Amino acid sequence: MASNSTKSFLADAGYGEQELDANSALMELDKGLRSGKLGEQCEAVVRFPRLFQKYPFPILINSAFLKLADVFRVGMLGSLASIIPERKNAHHSIRQSLDSHDNVEVEAAVFAAANFSAQSKDFAIGICNKISEMIQGLATPVDLKLKLIPILQHMHHDAILASSARQLLQQLVTSYPSTKMVIVSLHTFTLLAASSLVDTPKQIQLLLQYLKNDPRKAVKRLAIQDLKLLASKTPHTWNRENIQALCECALQIPYDSLKLGMLSVLSTLSGTIAIKHYFSMAPGNVSSSPRSSDLVKLAQECCYHNNRGIAAHGVRVLTNITVSCQDKDLLALEQDAVFGLESLLVLCSQDDSPGAQATLKIALNCMVKLAKGRPHLSQSVVETLLTQLHGAQDAARILMCHCLAAIAMQLPVLGDGMLGDLTELYKVIGRSATDKQQELLVSLATVIFVASQKALSAEIKAVIKQQLESVSNGWTVYRIARQASRMGNHDMARELYQSLLTQVASEHFYFWLNSLKEFSHAEQCLTGLQEENYSSALSCIAESLKFYHKGIASLTAASTPLNPLSFQCEFVKLRIDLLQAFSQLICTCNSLKTSPPPAIATTIAMTLGNDLQRCGRISNQMKHSMEEFRSLASRYGDLYQASFDADSATLRNVELQQQSCLLISHAIEALILDPESASFQEYGSTAAAHADSEYERRMMSVYNHVLEEVESLNRKYTPVSYMHTACLCNAIIALLKVPLSFQRYFFQKLQSTSIKLALSPSPRNPAEPIAVQNNQQLALKVEGVVQHGSKPGLFRKIQSVCLNVSSTLQSKSGQDYKIPIDNMTNEMEQRVEPHNDYFSTQFLLNFAILGTHNITVESSVKDANGIVWKTGPRTTIFVKSLEDPYSQQIRLQQQQAQQPLQQQQQRNAYTRF
């Protein structure tokens, strides 16, 4: 009856035609709040405003708010656990609510207890015994026990607490064999072990025991799920016996769904250190042969399974074994892995369903790993991909192009062999303007750019442009041009940017595309550089600078307040300054011929005690050039630190530019300025084999070559000779001959992180200063919020925020007093950890000197790896330090007392005169 009356009462916005009094209306809403159905509870909550409008009586409103607070009190506390984890009154309220006779309040208390246990060690220690008593109590309903047990996963704050929780869970698993209880207890068991890192091997053994012996499929699925969690988080805790037991279960299980789960666990383990443990030689035992192990047997059986998922995991296990066990003869396993990958590729490339595409991704990742780990297999892998590329579905073609690009990045020697097939394929694709076709045009063009290590041939450029003119849209052309800029094909990029200038409606987009066209043209001018031809090098650099200056003007015009393009502008400005420094250094080297040292240079050098002065003016010019390159390296370092949201490839590109500046400055010092003390150990040969891109590989090769040349000339010839200047000029030309790569962050910002600061006290008008007395300290509170884009923490996350507060005296007022040095300046720094992206702290600042002071608050961040990033922002306020009234009164009294004395002294002086 009550529910029916509530339903009829709540059905009408005007509470029905019945004229209920205020108390009856409140009782009906209270019934809705305490309903077991979430929908009725929500409906009752939204009806309260109408109740307040109809009956605006204080007693009714107070009673209604008490009822609402009673419903939301403990549940809201649970949501606030991350903000007030150590609030003792909240802890006490939760403990009391656990003993309530109201089921809704108890459930809310359980929710709050779980959240507070995860945040507070003190609360977890205090509530553990209470939770244990409730779980073991006979009066506690089973449903409530199932909700209480997951709280034990948060008892990981110390070893004693985790041990007691583990003992209780062990008793529950034994005492309550029902399916629900076993599943909840085992899962809590696993989460506790993964968090506390205590008894993880025992937990793995327990899960394997249930997987092997428990006949219930639900329990087996839970065991597989938890085993995969432990395989991901703690693979080092798995021993050979654990993996062997899992292999035996997988070999014997008749159900494909369970076999798929077990293989996914083994697939995860095969890519970790656990695979080495499995094949390692135990003390006193003979090392097992990989070919005869149950793991390999299982993988070989599953490679050609009719279930795609099982086959994919089997191939992945074989691939990981082949790549990990480099010291063993695994010719047969290599062939099995290659054949399994080929069969999966043929099967999935003809199917565009989501399941087939997911399986294809696994197979293609294995191909990349196999080509990298076993280079002698890469040729056959590439041939298989090129063969299947012609007849595959468009969705599969896109993924296969990504795979080919990754392989060509790692093994550039394979690039030339791909170009013929890729060009032929580019001629026949793109018959329609569908999204998949457009994506395929971009992917295939990217592979072509990667495969062609040098400039594109005229034939390839003609093929690409012909296809783009026929079926592509403007966005596709822009994406391909962007990829050309990333790969250093600036001539192709310039033509594509040029074709897009008339296809945009916004002037900001026009200026952006025009700047990209000018930058590409500028870099294209540097492709004509030749060794030993220094006059031509100066002409090429001058021509390049002309287009760069045009481009920076367009780039500045393309920026907006919402998109200031700060990274792009600073990167291009540094490139311009670097080219100018290169040009100046070449001119300095040429000055040895055009302005040789005077005849008295040796005498001047002996008089000054500086042997380098005998070389004439070139010595001072070289010193200036070295300082210029070191300054550029420092500016590149500042750009690196300011690029918190950049991807790793972009940061590596900035780092390479910085290393180029340091290389030239080191070469100047080692060859000319200080050959005796030059050291080459810190600039030792770097392995270019580990480079992630062709641009990095070529730059590292140039670095090594220049260092070898500098080291061979060092101390052989007295500086400065024509061989020294030729070495420097050739180093510049070698660096500029490597086409510059404009990386992703120049075009696209995948991660966005910003900090917004609020200072208090703060003036109403930013130009007005805050008044403070000079004998008091200003308590400056700094609050901040970390703002994220759509993909927070994609590349790196903020661990802590560093706040630096400094003050400078802008203008003095009044007389100068003798003030202690400590009170004259303010320079403070604090580190705070954001809590739910919010942080706050306070600074006490002294302003003993009367006048206007400028306070600057600057923020920087530290990521999880301990690297400091200068992200900003920088906020400024003004403070006016005033003399306190008491000091002012004393000073005036002293001045008044001194005036009669001064007048008497003046009269005495006149009398003597």
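These numbers come from a predicted model, not from an experiment.

**Student:** Looking at this structure, how should I read the overall build of the chain?
**Tutor:** Scanning the chain from N- to C-terminus turns up 36 helices and 9 strands. Considering only contacts within the chain whose residues lie at least 6 apart along the sequence, 72% involve residues at least 24 apart.

**Student:** Where do I start with the pattern of salt bridges in this structure?
**Tutor:** Note that side chains of opposite charge can pair when their charged atoms are close. Going through the model one piece at a time under the given rule, you end up with 29 salt bridges. Note that Glu543 is salt-bridged to Lys546, the shortest N-O span being 3.1 Å. You can see Glu543 and its partner Lys546 sitting in helix 28 (residues 534-558), 3 residues apart, about one turn around the helix. Judged by its relative accessible area of 34%, Glu543 falls in the partly exposed class.

**Student:** Please explain the sheet that holds strand 1 (residues 753-760) as it appears in this structure.
**Tutor:** By way of backbone hydrogen bonds, the strands of a sheet pair with one another, either parallel or antiparallel. Within the open sheet, the 3 strands sit side by side as 1-3-6. Their pairing is antiparallel. Each edge of the sheet is formed by a strand with only one pairing partner; in this case those strands are strand 1 and strand 6 (838-846). With direction set aside, neighbouring strand axes in the sheet form an average angle of 25 degrees. Here 9 bridges tie strand 3 (residues 777-788) to strand 6, and the two strands are oriented antiparallel to one another. Residue pairing in the sheet places Gln777 in a bridge with Asn846 of strand 6.

**Student:** What is the right way to look at the environment of Leu662 in this model?
**Tutor:** Examined against the element boundaries, Leu662 turns out to sit in helix 32 (residues 648-673). Considered as a pair, Leu662 and Ser634 are 28 residues apart in the sequence and their alpha carbons are 9.3 Å apart.

**Student:** Would you mind showing me how to read the pairing of strand 3 here?
**Tutor:** A regular strand places its side chains so that they alternate between the two faces of the sheet. Note: strand 1 against strand 3, 8 bridges, orientation antiparallel. Paired with Thr753 across the strands is His788, a residue of strand 3.

**Student:** Sorry, what's going on with unusual backbone geometry here?
**Tutor:** Peptide bonds are mostly trans, and most non-glycine residues show a negative phi. The omega angle of the peptide bond from Ser760 to Pro761 is 0 degrees, so this bond is cis rather than trans. Positionally, Pro761 belongs in the loop between strand 1 and strand 2 (770-773). Cis peptide bonds are those with omega within 30 degrees of zero, and the linkage from Gly872 to Pro873 qualifies with 5 degrees. Look at Glu532: it is not a glycine, yet its phi comes out positive at around 70 degrees. Note that Glu532 resides in the loop between helix 27 (507-525) and helix 28.

**Student:** Explain the packing of helix 32 against helix 33 (residues 694-713) here, please?
**Tutor:** The packing of two helices is summarised by the inter-axis angle and the distance between the axes. At a closest axis distance of 11 Å, the pairing of helix 32 and helix 33 adopts a crossing angle of 10 degrees. As the angle between them shows, helix 32 and helix 33 are arranged roughly parallel. On helix 33, the residues that touch Arg652, Asn653, Leu656, Gln657, Gln659, Ser660, Leu663, His666, Ala667, Ala670 and Leu671 of helix 32 are Tyr695, Glu696, Met699, Met700, Tyr703, Val706, Leu707, Val710 and Leu713.

**Student:** Would you explain the nonpolar core in this entry?
**Tutor:** Nonpolar side chains in soluble globular proteins tend to end up buried together. Counting residues in hydrophobic clusters, the biggest one holds 259 residues, and the most contacted among them are Trp238 and Tyr426. Ranked by residues supplied to this core, first place goes to helix 29 (residues 566-594) with 14 residues. Apart from residues lying up to four places away in sequence, Trp238 is in contact with Ile204, Leu227, Leu230, Ala231, Ile243, Leu246, Val265, Leu269, Ala274 and His277. Judged by nonpolar contacts, the second largest core, of 13 residues, contains Leu29, Leu33, Ala44 and Ala64.

**Student:** It is not clear to me how a nonpolar patch on the surface should be interpreted in this structure. Could you clarify?
**Tutor:** On the surface, Val504, Phe509 and Tyr510 cluster together into a nonpolar patch covering about 270 Å² of accessible area. For Tyr510, the position within the fold is in helix 27. The exposure class assigned to Tyr510 is partly exposed, which follows from its relative accessible area of 35%.

**Student:** Help me out: how do you make sense of the state of the cysteines in this one?
**Tutor:** In protein structure, a disulfide is the covalent linkage between the sulfur atoms of two cysteines. Inspection of the entire model under this criterion finds 0 disulfides. The structure places no disulfide on Cys249, whose sulfur is separated from the nearest cysteine sulfur, that of Cys247, by 9.4 Å. You can see Cys401 has no disulfide; the closest cysteine sulfur is in Cys403, sitting 9.8 Å from it.

**Student:** Any chance you could explain helix 22 (residues 415-428) here in plain terms?
**Tutor:** Taking 1.5 Å per residue, 14 residues should reach 20 Å; helix 22 reaches 21 Å between its end C-alpha atoms and fits that length. Along helix 22, the sharpest kink reaches roughly 25 degrees, centred on Asp421. Taken together, the buried positions of helix 22 are Gly415, Met418, Leu419, Leu422, Thr423, Leu425 and Tyr426. Buried residues belonging to helix 22 abut helix 20 (378-389), helix 21 (394-410), helix 23 (435-451), helix 24 (458-471) and helix 25 (474-487).

**Student:** What's the story with the confidence of the model for the chain in this structure? I'm lost.
**Tutor:** Low pLDDT marks regions whose predicted coordinates should not be analysed in detail. Residues of the chain with pLDDT of at least 70 account for 89%, and the chain-wide mean is 85. When pLDDT is averaged over each helix and strand of the chain, the minimum, 39, is found for helix 1 (residues 2-10) and the maximum, 96, for helix 27. Note that residues 282-286 has pLDDT below 50 and, in this model, 1 contact with residues that lie over four places away or in other chains. Every residue in residues 685-689 scores below 50 in pLDDT, and together they form 5 contacts with partners more than four places removed in sequence or on other chains.

**Student:** Sorry, what's going on with the packing of aromatic side chains here?
**Tutor:** According to the stated counting rule, one finds 19 aromatic pairs in the structure shown. The interplanar angle of 65 degrees and the centroid separation of 6.0 Å between the aromatic rings of Phe571 and Phe746 together place this pair among those described as edge-to-face. Of this pair, Phe571 sits in helix 29 while Phe746 sits in helix 35 (residues 744-747); the two residues are 175 residues apart in sequence, bridging distant segments of the chain. Pairing Phe746 with Phe747 gives two aromatic rings, centres 5.5 Å apart and planes at 70 degrees, and the pair type is edge-to-face. For Phe746, a relative accessible area of 2% corresponds to the buried category.

**Student:** Help me out: how do you make sense of the packing of helix 29 against helix 31 (residues 618-642) in this one?
**Tutor:** Helix 31 packs onto helix 29 with a crossing angle of 165 degrees between their chain directions and a minimal axis gap of 10 Å. As summarised for this structure, helix 29 and helix 31 are arranged roughly antiparallel, according to the angle between their axes. The crossing of helix 29 and helix 31 is left-handed. In terms of residue class, the contact of helix 29 with helix 31 is made up of 15 nonpolar, 4 polar and 5 charged.

**Student:** Explain the environment of Tyr510 to me, please; I cannot follow it from the model alone.
**Tutor:** A C-alpha to C-alpha distance of 10.0 Å links Tyr510 and Tyr497, two positions 13 residues apart in sequence. Leaving out residues up to four positions away in the same chain, Tyr510 has contacts with Leu501 and Val504.

**Student:** Could you clarify how one ought to interpret the environment of Val184 in this entry?
**Tutor:** Relative to the helices and strands, Val184 is located in helix 10 (residues 179-196). Judged by its relative accessible area of 21%, Val184 falls in the partly exposed class. Sequence separation between Val184 and Leu169 is 15 residues; the distance between their C-alpha atoms is 9.8 Å. Ignoring anything within four residues of it in the chain, the contact list for Val184 reads Leu146, Ile149 and Pro150.

Conventions and cut-offs
Residues numbered from 1 in each chain as written. Predicted model: local features only at pLDDT ≥ 70, side-chain atom pairs only at ≥ 80, totals over all residues. Heavy atoms only, no water. Helix = DSSP H or I, 4+ residues; strand = E, 2+ residues; numbered from the N terminus. Contact = heavy atoms within 4.5 Å. Salt bridge = Lys/Arg side-chain N within 4 Å of Asp/Glu carboxyl O. Buried < 20%, exposed > 50% of the residue type's maximum accessible area, 1.4 Å probe, protein only. Pairing = 2+ DSSP bridges. Axes fitted to C-alpha atoms, helices over the stretch in contact; angles between N-to-C directions. Parallel < 35°, antiparallel > 145°, perpendicular 65-115°, else oblique. Core = buried A, V, L, I, M, F, W, Y, C linked by side-chain atoms within 4.5 Å. Patch = residues over 30% accessible without salt bridge, like charges linked within 9 Å, V, L, I, M, F, W, Y side chains within 5 Å. Areas by Shrake-Rupley, 256 points an atom, 1.4 Å probe, with all protein chains shown as cover. Disulfide = S-S within 2.5 Å. Expected span 1.5 Å × (residues − 1). Bend = angle between axes of the 7 residues up to and from the residue. pLDDT = per-residue confidence, 0-100. Phe/Tyr/Trp six-rings, centres within 6.5 Å; stacked < 30°, edge-to-face > 60°. Left-handed = near helix turned anticlockwise from the far one by under 90°. Nonpolar A, V, L, I, M, F, W, Y, C, P; charged D, E, K, R; others polar.

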